[in-house]
Amino acid sequence: MPFSVWWQAYLTPPASAVKFAIKATLAMGLALYIALWCDLDRPYWALISAAFLQIRPMSGMVLEKGISQITGTVVGCLAGIAIMSLFVQSPTPALICLTAWIILCAYAASVTRNNASFGCIMAAVTAMLIVVITASAPTGLFAVAVARLSELALGAICATLVSALLWPIQVRDHLAGLADQVVNQAFLHGALRLDNSADIAALQATLTASLQPLTQLETDSQAARYEGPEGIGRLRASHVLTVRTARLLAILHALQQLLRSHGGELPTPTKRLIEDMANDLRHSAEGSGVAQARQRLQALRHRALQCMAADSDEGIAPAPDQAPDQASDQTPGQTTARCGHSPSGPITSDPATTRTTESPEALLQRRIHLGLREALGHALVILDAREAIHTPGKRRLKAPALAFHRDHLEAALNGLRAGLVFALLAIVWRYTAWDNGQIAMLVGTLFSAFFATRDNPAAVATTFLKGMLAAVPSALLFGHVLLAQANDFVTLALVFMPPLFLGLLGAANPRLMGYCLAFTIGNILLTMPGNGMDFSIDGFLGRAIALLLGLSTVVMAFRLAPGLPTTIRKHRLVSATVNDLHGLHRRSFHEAESRFGGTMADRLLRLAQHDDSLPEERRYLFSLGLVGLDLGYASLNLRRRLGGRSDALDLALDDLAAALADDYGASARGHAPDRAREYGNRLLQTLEQQTNDSAEYRLMAGLIERLTMSLEHQAARSRQARQAAPAVGVTGRQRTPDRQGAKAPGVDR
């Protein structure tokens, strides 16, 4: 860690960090005072509760996390009481049953999100404390359960009050900032796509900069419901923003594929429209207001619709949502001149001959115009969602709740790892009768489940271990040598609180949070402030050894059992996408769209993170995710337009959706698609037999052609990336690939 980060955090801290540290310290001080006044058994639990709730200091998030914490504590109390009531005279079966409960809670924490996950962890920790503490004194079972619930609830109440009354930070402001980041970076990424940029680093940077706040926005927006009636509007607008941003990224990816492969064949006016759209997206991202951005994009959409009206005049299908009179204020000659067509071109408007006389250039131009119109439509809805997050009273958007990606196998491994950590520490405690073994089990249970859902949990656990090591001399000096001289609460606070304040001040910096939060918690656990404190050096050293033993076991568990290998995780992400593509037709349209959009946004970020760890020539995963997203929305679009007309057409749609899903899985392995074109032709034949609408026929034919071409392109990209595996030298280390080499033509992220 560079020294400059520490220097900035402690010598030149931002005002927000100072306010955060003051608020968290006051919340813990208030919780400690009330706990001591009420003579609670373990007041330090109220401090830890307040500290965890203040990590995200927005008022709505503190309230939501407090509710989740209290709910998890209640559930954990009931589970602990049930276990002890069944095995009150049998400690070993009780510990076995408790291990199973911890596995279940850690599994649930891995398949839920944010504060719900924290509630599951608290259910595991609370049950563990009740069983372990009452194992030697079962008559005090209910008293221990009530004490744990009171301490944790006290910390949650104090944190909520301080967060709401002192320098309150609203979730709405947090969400508005995230929405701005999402929209601006997505528009910058769109400008790069339309410019047909080959700068992989810039494309990846804008993608990641848009997806990271997008997933955080979708998660954090749940807390907006606790900030008044407008919170629901912000929550729904966040759902809309997530879905539409994902769809925009997918269509921009498809457009760049067309431009990279056939951009030179486009007429000059169409190229100018694309250039203007790229410039306006860039200006919209860099501008200061939504109104100006909407005005630019609406003007572009009007131009795109004029081009599509010209396509219709020359026998090319209009847009699905285009009214017949959209270009009625212009003559065909005016529209044709603007969009670069020639009235005497090769495409005829006669339905009997249109399907056979369209030139490839006309088909390409039609697909470009449709793609631009769709991208601009998504961009305008994104701006509406952004405005609704800022001011939900002006715009009301409706959207169902989104799903997110769940990997049940990975969650099961996380649960088994947490259970193994607890079982190892419980064996040590059971057969050594070590009083401080409870601390080791507490730390092991809490952090083995807490770190499991983090990226690179072994590194996070190691960071916490270093922070705990730094807390040992601090707790010895402030929590024992100096605190032993305190004779009232004011003196206690003046001695005990400064190390906590310093830890929280550093924790406000995301790069230092692991070290500093561990330092704060370590000081609390090593000191254990209360009315009957133990200042003996033997007791302190025993707690320090237990604390370090528990965290060392967690670090060892993550290093020896790191979870699913990267290759398997990538394979499961792709397999989950294939399964979702297969299952789209089994749900209602709106349910399928919301579920697919939410899960794919989550997977896109995970695939992008995997791609970041690979050299450029081996990156294909994010492109693969975008292709899957495009296929899903295309299948839904086909179903919306053609579904329900006849049994034969519905069967052809289902067959094509299954073929697209299978070919998507094949393209991920580098195999050329061999089913989509066949079943696409069958769908077109069925459509031709049941309708005389040549415009709709051509529209569906163009869509199927684009999807097939996208699959073929992705198969080639996947195959090339798989063949570019780095050579391994004699020492077994991978040789660094030459990143200055030329990029293969047609390769896209």
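Sequence positions are assigned chain by chain, starting from 1 and proceeding in written order. In view of the model being predicted, local features appear only for residues whose pLDDT reaches at least 70, and side-chain atom pairs are presented and counted only at 80 or more, with totals across whole chains, interfaces and linings using the full set of residues. Where side-chain values are given, they derive from all heavy atoms of the structure, hydrogens and water being excluded.

Within the chain, the secondary structure is distributed over 27 helices and zero strands. In this scheme, a residue with accessible area under 20% of its type's maximum is buried, one over 50% is exposed, and one in between is partly exposed, where area comes from a 1.4 Å probe on protein chains only. The buried share among the 749 residues of the chain stands at 56%. When contacts within the chain are restricted to residue pairs at least 6 apart in sequence, those whose partners lie at least 24 apart make up 80%. Only the protein chains shown count as cover for residues, and the accessible areas themselves come from Shrake-Rupley with a 1.4 Å probe. As displayed, the chain has an accessible area near 30,800 Å², and 58% of this comes from carbon and sulfur atoms. Working definition: helices are DSSP H or I runs of at least four residues, strands are E runs of at least two. Numbering for both runs from the N terminus. Any two residues whose heavy atoms approach within 4.5 Å at even a single point are treated as in contact.

Reported here for the second largest pocket is a volume of approximately 710 Å³. Cavities and pockets are defined on a 1 Å grid built over the protein atoms alone: a cavity is a set of grid points where a 1.4 Å probe fits but cannot escape, while a pocket is an open set with protein on both sides within 12 Å along at least five of seven lines, and lining residues are those with an atom within 4 Å of any such point. In terms of lining residues, the second largest pocket is bounded by 29 residues, among which Arg247, Arg373, Glu374, Asn637 and Arg640 are the most central. When contributions to the lining of the second largest pocket are tallied by element, the ones reaching two or more residues are α10 (230-262), α15 (360-390), α23 (589-612), α24 (621-642) and α27 (694-723). If one sorts the elements of the lining of the second largest pocket by residue count, α15 sits on top with nine residues. Grid points are joined across faces, edges and corners, and a volume is the space filled by probe spheres set on the points.

Attention now goes to the confidence of the model for the chain. The predictor attaches a confidence to each residue, and that confidence, scored 0 to 100, is pLDDT. Of all residues in the chain, 87% attain a pLDDT of 70 or more, and the chain-wide mean is 80. When mean pLDDT is compared element by element in the chain, helix α5 (residues 91-111) scores highest at 93, while helix α13 (residues 332-339) scores lowest at 39. Within the model, the stretch residues 315-338 combines pLDDT values under 50 with 49 contacts to residues more than four positions away or in other chains.

Residue types Ala, Val, Leu, Ile, Met, Phe, Trp, Tyr and Cys, when buried and joined through side-chain atoms within 4.5 Å, form a set referred to as a nonpolar core. Formed by 106 residues in total, the largest nonpolar core has its most connected members in Leu98, Met128, Phe447, Phe451 and Phe496. In terms of residues, this core owes the most to one element, helix α6 (residues 114-134), which gives 14 residues. With residues near it in sequence (within four places) discarded, methionine 128 still touches Leu98, Ile102, Phe422, Met441, Leu442 and Thr445. Counting 104 residues, the second largest nonpolar core, distinct from the first, contains Ala250, Leu380, Leu573 and Leu604.

What follows deals with empty space enclosed by the protein. Tallying each qualifying case throughout the model produces two cavities of 30 Å³ or more. Its volume calculated, the largest cavity comes out at about 50 Å³. As for the largest cavity, its lining consists of Trp45, Ile48, Phe52, Leu442, Val443, Leu446, Phe447, Ile521 and Leu525. Those elements that provide at least two residues to the lining of the largest cavity are α3 (44-53), α17 (437-450) and α20 (513-527). Looking at which element gives the most residues to the lining of the largest cavity, the answer is α17, with four residues. Class assignment for the residues of the lining of the largest cavity results in nine nonpolar, no polar and no charged. In this structure, the second largest cavity occupies an estimated 40 Å³ of space. Around the second largest cavity, the lining residues are Trp45, Ile48, Ser49, Phe52, Gln69, Phe118, Met122, Leu152 and Leu446. Residues were grouped as follows: Ala, Val, Leu, Ile, Met, Phe, Trp, Tyr, Cys and Pro as nonpolar; Asp, Glu, Lys and Arg as charged; and all remaining residues, including Gly, as polar.

Contact geometry for helix α19 (residues 489-507) and α20: axes closest at 7 Å, N-to-C directions at 160°. One finds that α19 runs roughly antiparallel with respect to α20. Both α19 and α20 take part in a crossing whose hand is left-handed. Contacts between α19 and α20 involve Phe496, Pro499, Leu500, Gly503, Leu504, Gly506 and Ala507 on the former and, on the latter, Met513, Cys516, Leu517, Phe519, Thr520, Asn523, Ile524 and Thr527. Of the residues that constitute the contact of α19 with α20, the class distribution is 10 nonpolar, five polar and no charged. Helix axes are fitted to C-alpha atoms over the stretch in contact, other axes to C-alpha atoms as well, and angles between N-to-C directions run from 0 to 180 degrees. Angular relationships are summarised with four words: roughly parallel below 35 degrees, roughly antiparallel beyond 145, roughly perpendicular across 65 to 115, and oblique for the angles in between. Crossings are sorted by hand: turned counterclockwise from the far helix by less than a right angle, the near helix makes the crossing left-handed, and turned clockwise it makes it right-handed.

Attention now goes to the packing of α24 against helix α25 (residues 647-668). At a minimum axis separation of 11 Å, α24 and α25 run at an interaxial angle of 175°. When the interaxial angle is binned, α24 and α25 end up roughly antiparallel. When α24 is examined against α25, the residues Leu624, Gly625, Val627, Gly628, Leu631, Ser635, Leu638, Arg639 and Leu642 are found in contact with a partner set consisting of Leu649, Asp650, Leu653, Leu656, Ala657, Leu660, Tyr664, Ser667 and Ala668. A per-class count over the contact of α24 with α25 returns 12 nonpolar, four polar and two charged.

The next point concerns the packing of aromatic side chains. Ring pairs shown here join Phe, Tyr and Trp side chains whose ring centres sit within 6.5 Å, with only the six-membered ring taken for Trp; geometry is labelled stacked below 30 degrees between planes, edge-to-face above 60, and tilted in between. Enumeration according to the criterion identifies 10 aromatic pairs in this entry. Measuring from ring centre to ring centre gives 5.2 Å for phenylalanine 447 and phenylalanine 464, while their planes differ by 50°; the resulting arrangement is tilted. Remark: phenylalanine 464 occurs in helix α18 (residues 457-482) and phenylalanine 447 occurs in helix α17; sequence separation between them is 17 residues. Cluster of aromatic residues (ring-pair linked, three or more members): Phe52, Phe118, Phe447, Phe450, Phe451 and Phe464. Only lysine NZ and arginine CZ atoms are considered, and such an atom sits over a ring when it is within 6 Å of the ring centre and within 35 degrees of the ring normal. Just above the ring of phenylalanine 118 sits the side chain of lysine 65; from NZ or CZ to the centre is 4.7 Å.

The subject of this paragraph is the side chain of serine 163. In this structure, serine 163 sits in helix α7 (residues 141-165). Not counting residues up to four positions away in its chain, the partners in contact with serine 163 are Lys23, Gln54, Pro57, Met58, Ser59, Val62, Pro168 and Ile169.

For the rest of this paragraph, the subject is a nonpolar patch on the surface. Patch membership needs two things, relative accessible area over 30% and no salt bridge, and members are linked within 9 Å if like-charged or within 5 Å if nonpolar (Val, Leu, Ile, Met, Phe, Trp, Tyr). Whenever Lys or Arg places a side-chain nitrogen within 4 Å of a carboxyl oxygen from Asp or Glu, that contact is recorded as a salt bridge. A cluster of nonpolar residues, Leu476, Leu477, Val481, Leu482, Ile537 and Leu541, forms a patch on the protein surface that exposes about 480 Å² of accessible area. Taken together, the elements giving at least two residues each to the nonpolar patch come down to α18 and α21 (537-560). For the nonpolar patch, the leading source of residues is α18, giving four residues. By secondary structure assignment, the location of leucine 477 is in helix α18. Under the relative-accessibility criterion, leucine 477 is labelled partly exposed at 40%.

Here phenylalanine 535 is to be found in the loop between α20 and α21. Counting along the chain gives 52 residues from phenylalanine 535 to leucine 483, while the straight-line C-alpha distance between them is 8.7 Å. Residues within four places of phenylalanine 535 in sequence aside, it is in contact with Gly479, His480, Leu483 and Ala484.

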